[in-house]
Amino acid sequence: MVKESIQKSDYKLNDGGNAQAEKVPLAVEDSQNGETKTKRDTWSSTTESFLSHLGAVIGLGNIWRFPYITYTYGGGAFLIPYVMFAVLCGFPMLFLEVALGQYTREGAVKAWNLSPLMKGIGIGCGVICLYSCIYYITVMAWGIFYLVHTFTTRPLPWMHCDNWWNTNSCITYDTLLNGTMSVNISLHKELPIIEFWDRYVLRKSVGLENMGSLDNWQMVLSLIAAWVLIYFCIFKGVKSTGKVVYFSATFPYVVLAILLVRGCTLPGAAEGIRYYLQPNLTKLQDPNVWVQAGSQVCYSYAICFTVLVAFGSYNDFHIDCYRHTIILTTSCSMTSFIAGFAIFSVLGNLAEVTHKNVSDVVASGPGLAFQIYPAGLSLLPLPHLWNALFFLMIITVAIDSQFCCLEGFVTIICGSWKWANRNRELFNACLCSSLLVFGLVFMTEGGIYVFEIFNNYAVSGIALLFLATMQSIGIGWIYGADKFYEHIKEMIGYYPSAFLKFCWVIATPTLTTGVFLFFLIKYQPLKIGEYEYPGWANAIGWCMCLSSCICVPAYAVYQLLLYPGTLRERYRRATASIGKFEKRNSIQKDTPSLMEEEYIVQSI
C-alpha cells in the first residue's frame, strides 16, 4: 500500500527548522502561504519505484520507435550519434529529472520553484506530454487491432493473399521461399503483411487533402479499448500505477528474447545485422540523423515528458536514485539494441527471399514493427500463439509509455488545481474521454499523415532538444550545479560522478545547441516516402513545435516583469527559490534540511 503522509501522531517544524512532536491535522504546513498541503503519495517499496521508472524508459520508444528510426536513417550510421546523445545527454538528463522530482517532491512545474525563472521548462514539457498522450496511444490501438486478428482458426490474415484488401501484386512468403517465381517478377510483388498494414489497418489515402471518414470502425473500437485500459491503470493515481508495472515492465523481455533467437536463426539474418551495425558515414551529413538520434534518446529515456520528475517525486527521500539511473539507462539502451538485432535479422531474411536490398524491403516509417515482427513470428510453429504474445507485449509496453506520460501530465494539473486533486478519478475520466475524441483523427484514411506531423513536429527532436538544453542550463548555470550536488548528497549520502556536472554545464547544452542549429540551417520541409507535405501542414507543425518551446522564454519574461528594480535586481529575485525551498536555504547547515524533515513527517 502507498504510505500515508501523516497518520495519528504528526509533526511540524518550529522556527528553528527542528521537528517538534506536535499534532497537526493530516497535513504539512506550507512555508510560503501557511496553507495546509494534502498528503503526497509514495511508492510502496523500492522495487515498485524502480520498476515504475523502468516502465517509463522501457516502452514503445525501444521496441517500436528505435528500429524504424534506425532503419530510416541509415542503420549503423544512426548508432554513432545515438551513442553520443545517450552518454552526454541521456544519462545526465535522466538523473537530473529523477533527482529534481525526488528532492522537491513536486511535479514538473512546481519543482522549478527552485528557480522560478525557468518554470516555463515544466510547462513546455507538459505541452509535449499532452501532444504525446494524444497521438502515441494510436500505436497501442494498432496493437489491439492486430491482437484481435490472431484469434482465428484460419491462417493469419497477413500471411496469405485471399483477403478482400489484397491486390494482384500480393505474393506469399512461402511462394518466394520455394523459388517458384522468377527474380524479376518477385521484385514487383508485395508481401501480404505490407498490404495488410497499408490497405486494411491504415486504409491510407493519397494525402492530407483526402482525410476520409471513420469507416474503419474496428480501429475506432481498438482506440476506445486502449483508452479504457489506460484509464483503469491511472484512475487511482500512483496507487494503481505502481501495481501495473510489476507485469508491464518485465513481460516484454521474455517476448523480445524469443524474437531475437528466432530472427538470428533465419537465412539471410546476417545481412540484416550487417546493415544494422555497419555505418555509412556519409549519412552523418544529414542533420535529420542527428536530430532523430537526440529525439530517440529523449523518447526512450522519457526525458522532457514530465514523467521522470513526477515518478521521482513519489520516491523515498533517501532512495539511491543515482544507482537506479545507471541501471535504467543501461537497460534502456540495451533493450533498444536488442530490439534492433531482432528486427534487422528478420529484415535480412525478407531481403533474401524477396531478392531486394535490406533498405528496400519495406517502406520505412511507424509501421515497420507491425510488418517485420509479425512476419518473423509467423515462421515459427504455432504462429497464432507467438503473434498473440507479441502484440500483447506491444500493448503492454504501450500501456507503460502511455500511462507513465499521462501520469506525469496529471501530476502537473493536480498539483495546481485543487478540484482535480480532490476528484482525481473523475478528472482522469474526463481527461481520457477528451483525448479519445482528439485521437479519432488518426483513425481516418488520412490519419497516418496527421500522425507524422505530431511525430516530426509536435513531439519532435527539435522541441525535445530545446527543452533538454534549457533544463541543463537551468540547473547547471542558473540554479547552480554545485548547489544541486549538495541536494543530491542530502538524499543519497554521497556526491555522484563529476561527469554529470560537466554534462549539465558544458557537454549537454553544447551538443544539443549544435545539433539544433545544424538542423535549422539545413531544414527541409517534411516528406514521408513520396508524399511531400503542403506548406500549410508544415506551418501547423512548426506552430505545434514552438508551442512548447515558447513557454520557456515567455514565462521567464513574465517572472522578470513581476518585480520592480533594475534588470539585474529582477533577475536575482526571479531566480531565487520560493516556497519551502526559500525556507530551506535559510536553515543552518548543522540542522536537518527542510526537505528531509518534510519527508520524515510525511512518512510517519
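Residues numbered from 1 in each chain as written. Predicted model: local features only at pLDDT ≥ 70, side-chain atom pairs only at ≥ 80, totals over all residues. Heavy atoms only, no water.

The next subject is the overall build of the chain. Counting its regular elements, the chain contains 26 helices and six strands. Burial analysis of the chain (604 residues in total) assigns 60% to the buried set. The contacts of the chain with a sequence gap of at least 6 include a subset with a gap of at least 24, amounting to 80%. Accessible surface for the chain amounts to roughly 23,600 Å². Of this, 62% is attributable to carbon and sulfur atoms. (Helix = DSSP H or I, 4+ residues; strand = E, 2+ residues; numbered from the N terminus. Buried < 20%, exposed > 50% of the residue type's maximum accessible area, 1.4 Å probe, protein only. Contact = heavy atoms within 4.5 Å. Areas by Shrake-Rupley, 256 points an atom, 1.4 Å probe, with all protein chains shown as cover.)

Time to look at helix H10 (residues 251-264). Look at H10: 21 Å from first C-alpha to last across 14 residues, which is about the 20 Å you get at 1.5 Å a residue. Within H10, the full set of buried residues consists of Phe251, Pro252, Val255, Leu256, Leu259 and Gly263. Around the axis of H10, the buried residues are gathered within 115 degrees of arc, so they sit on the same side. (Expected span 1.5 Å × (residues − 1). Arc of directions from axis to C-beta.)

Glancing now at unusual backbone geometry. The residue Cys304 is not glycine, and still its phi comes out positive at about 70 degrees. For Cys304, a relative accessible area of 0% gives the class buried. For Thr306, which is not glycine, the phi torsion reads 70 degrees and is therefore positive. Note on placement: Thr306 falls in the loop between helix H12 (287-301) and helix H13 (307-313). By relative accessible area, which is 2% here, Thr306 ends up buried.

Right, let's talk about the pattern of salt bridges for a bit. Under the counting rule described, the total for this entry stands at four salt bridges. Salt-bridge contacts for Lys204 lead to Asp198; the nearest nitrogen and oxygen are separated by 4.0 Å. Residue classification places Lys204 among the partly exposed positions, given a relative accessible area of 41%. Here Lys527 and Glu532 are joined by a salt bridge, their closest N and O atoms 4.0 Å apart. Relative accessible area serves as the criterion here: at 56%, Glu532 is assigned to the exposed category. (Salt bridge = Lys/Arg side-chain N within 4 Å of Asp/Glu carboxyl O.)

This part takes up the packing of aromatic side chains. Inspection of the entire model under this criterion finds 61 aromatic pairs. Against the face of Tyr299 rests Arg65, its NZ or CZ located 3.7 Å from the ring centre. Taking NZ or CZ as reference, Lys483 lies 4.6 Å from the ring centre of Tyr479, over its face. (Phe/Tyr/Trp six-rings, centres within 6.5 Å; stacked < 30°, edge-to-face > 60°. Lys NZ or Arg CZ within 6 Å of the ring centre and 35° of its normal.)

One broad rule of soluble globular proteins: the nonpolar side chains tend to lie buried together. Trp142, Leu406 and Trp504 are the most contacted members of the largest nonpolar core, which totals 193 residues. No other element matches the 18 residues that helix H4 (residues 120-148) contributes to this core. (Core = buried A, V, L, I, M, F, W, Y, C linked by side-chain atoms within 4.5 Å.)

Right, let's get into the state of the cysteines. Where two cysteines share a covalent bond between their sulfur atoms, that bond is called a disulfide. With the rule as written, the count across this model stands at one disulfide. For Cys161, the disulfide goes to Cys170, at an S-S distance of 2.0 Å. Given an S-S torsion of about -75 degrees, the disulfide between Cys161 and Cys170 has left-handed geometry. No disulfide involves Cys133; its sulfur sits 4.1 Å from that of Cys405, the nearest cysteine. Its sulfur unpaired, Cys549 is 4.5 Å from the next cysteine sulfur, which belongs to Cys545. Take Cys549: its relative accessible area is 9%, and that puts it in the buried class. (Disulfide = S-S within 2.5 Å.)

Interhelical geometry of H4 versus helix H22 (residues 535-549) gives an angle of 140 degrees and a closest axis separation of 7 Å. With respect to their mutual orientation, H4 and H22 come out oblique. On H22, the residues touching Gly124, Val127, Ile128 and Tyr131 of H4 are Met544, Ser547 and Ser548. Partitioned by chemical class, the residues of the contact of H4 with H22 number four nonpolar, three polar and no charged. (Axes fitted to C-alpha atoms, helices over the stretch in contact; angles between N-to-C directions. Parallel < 35°, antiparallel > 145°, perpendicular 65-115°, else oblique. Nonpolar A, V, L, I, M, F, W, Y, C, P; charged D, E, K, R; others polar.)

Turning our eyes to something else, we now look at the confidence of the model for the chain. For the chain, mean pLDDT is 81; residues scoring 70 or higher make up 84% of the total. Contacts of residues 599-604 to residues separated by more than four positions or lying in other chains number 23 contacts, the stretch itself having pLDDT below 50. (pLDDT = per-residue confidence, 0-100.)

Here Glu352 is to be found in helix H14 (residues 321-354). Note: C-alpha distance between Glu352 and Gly268 (84 residues apart in sequence) is 5.7 Å. Dropping the residues within four chain positions of it, Glu352 is found in contact with Pro267 and Gly268.

Here we come to the side chain of Glu452. By the element assignment, Glu452 lies in helix H19 (residues 447-458). Although Glu452 lies buried, it forms no salt bridge, and the closest oppositely charged side chain, Arg65, sits 7.8 Å away as judged by the N-O distance. Apart from the residues lying within four places of it in its own chain, the contact partners of Glu452 are Pro366, Leu526, Ile528 and Tyr533. (Lys, Arg positive; Asp, Glu negative; His and termini not counted.)

Attention shifts here to a nonpolar patch on the surface. A cluster of nonpolar side chains, Trp217, Leu221, Ile224, Val228 and Phe232, forms an exposed patch at the surface whose accessible area comes to about 520 Å². Relative to the elements of secondary structure, Trp217 occurs in helix H8 (residues 217-234). (Patch = residues over 30% accessible without salt bridge, like charges linked within 9 Å, V, L, I, M, F, W, Y side chains within 5 Å.)

Right, let's get into the environment of Ser205. Along the chain, the position of Ser205 falls in the loop between helix H7 (192-202) and H8. The spatial distance from the C-alpha of Ser205 to the C-alpha of Glu445 is 5.2 Å, given a sequence separation of 240 residues. Not counting residues up to four positions away in its chain, the partners in contact with Ser205 are Asn210, Glu445, Gly446 and Tyr449. From its side chain, Ser205 meets the backbone oxygen of Asn210 in a polar contact 2.7 Å long. (Polar contact = N/O pair within 3.5 Å; in protein donor to acceptor, adjacent residues only side chain to side chain.)

With respect to the element layout, Cys133 can be found in helix H4. On the basis of relative accessible area, Cys133 is assigned to the buried category, the value being 1%. For the pair Cys133 and Gly439, spaced 306 residues apart in sequence, the C-alpha separation works out to 9.2 Å. Those residues in contact with Cys133, other than ones at most four positions away along the chain, are Trp227, Gln402, Cys405, Leu406 and Leu435.

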